[in-house]
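Overview (structure and organization)
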Amino acid sequence: MLDIRNLSKVYPNGTHALDAFSLSVRQGEVVAVIGGSGCGKSTLLRLLSGLETPSQGEIRLDSNTLKEPDPLVNIVFQEPRLFPWLTVADNIAFGLRSLDGDQRRMRVEQVLKKIGLPGYETRWIKQLSGGQAQRVALARALVTEPSVLLLDEPFSALDAMTRADLQDHLVDLWSEAGSTMLLVTHDIEEAIIMADRVVVMRPFPGRILEEVKVDLPRKRDRTSPAFAALRKHLSELLALSLSDLKHSVTA
């Protein structure tokens, strides 16, 4: 279980990015976090990944307290952040340097099949489309078999068709691997498609407004009345959360 207890972050310039954030995520659960600018979504992921340290609070994974980057926690960013001087295979295998060559090659071949890019091992990053590059970024995160996968708006730069395809594909990969996933997104539909729960945040400082259970069967039908009703409810909550932003601007 990923257990986040009373997490707060105040930056040296005085910006209070996150305040008293507490959330427990069960093994194999997918939780999406939505909210406007200034609600601390990306700060939360940076704290969970060990890229920043909290001002207050604690992060625990099972019985271990996380205070720095941990091999059991991996993160996928908005941009692929791949190394252009390495091939696809070498990019994916970058975190597998403790394994011998045969094991690395086997892992890379397996994960490329899972993401729908078999035979791409020797290609250069410049030869990939945006969607293919993001698939490789997902492969690099998944190949280490993390217990927790953090996703920071991973499909936001893609066109609508590619984004929908990768959302469905990642859900399939998640159901196979059973990893815990925490997804930050501005896309309400993406949150409903992927998550078991959606956390709506409010800004200045970032804190939880409400948690909503996504009680829809998988694979989720974007055109169903139940999907539309949940989208409407989350849109209303998001509008309520953003009212804090309007008040802070006019105050």
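So, here's what we can say about the structure. The structure presented is a predicted model; accordingly, all values stated were derived computationally and were not measured.

**Some details on the side chain of Glu 52**
With respect to the helices and strands, the residue Glu 52 is situated in the loop between helix 1 (41–48) and strand 4 (56–61). A distance of 2.7 Å separates polar atoms of two side chains, one belonging to Glu 52 and the other to Tyr 11. Sequence-distant contacts of Glu 52, that is, excluding residues within four places in its chain, are made with Lys 9, Tyr 11, Arg 46 and Leu 47.

**What about empty space enclosed by the protein?**
Summed over the entire model, instances satisfying the criterion amount to one cavity of 30 Å³ or more. The calculated volume of the largest cavity comes to roughly 50 Å³. Looking at the largest cavity, the residues that line it are Asp 168, Val 171, Ile 193, Arg 218, Lys 219 and Arg 220. Tallied by class, the residues present in the lining of the largest cavity amount to two nonpolar, no polar and four charged.

**Looking at the nonpolar core**
Grouped together as the largest cluster of nonpolar side chains are 53 residues, with contacts concentrated most on Ile 92, Val 198 and Leu 234. A per-element tally of this core places helix 4 (residues 130–142) first, with seven residues. Residues within four places of Ile 92 in sequence aside, it is in contact with Val 108, Val 111, Leu 112, Val 136, Ala 139, Arg 140 and Val 143. If you look at the next biggest cluster of nonpolar residues, it comprises 26 residues, including Leu 7, Leu 47, Leu 48 and Leu 150.

Rules used throughout
Residues numbered from 1 in each chain as written. Predicted model: local features only at pLDDT ≥ 70, side-chain atom pairs only at ≥ 80, totals over all residues. Heavy atoms only, no water. Helix = DSSP H or I, 4+ residues; strand = E, 2+ residues; numbered from the N terminus. Polar contact = N/O pair within 3.5 Å; in protein donor to acceptor, adjacent residues only side chain to side chain. Contact = heavy atoms within 4.5 Å. 1 Å grid on protein atoms, 1.4 Å probe; cavity = no way out; pocket = protein on both sides within 12 Å on 5 of 7 lines; lining within 4 Å. Points joined across faces, edges and corners; volume = space filled by probe spheres on them. Nonpolar A, V, L, I, M, F, W, Y, C, P; charged D, E, K, R; others polar. Core = buried A, V, L, I, M, F, W, Y, C linked by side-chain atoms within 4.5 Å. Buried < 20%, exposed > 50% of the residue type's maximum accessible area, 1.4 Å probe, protein only.

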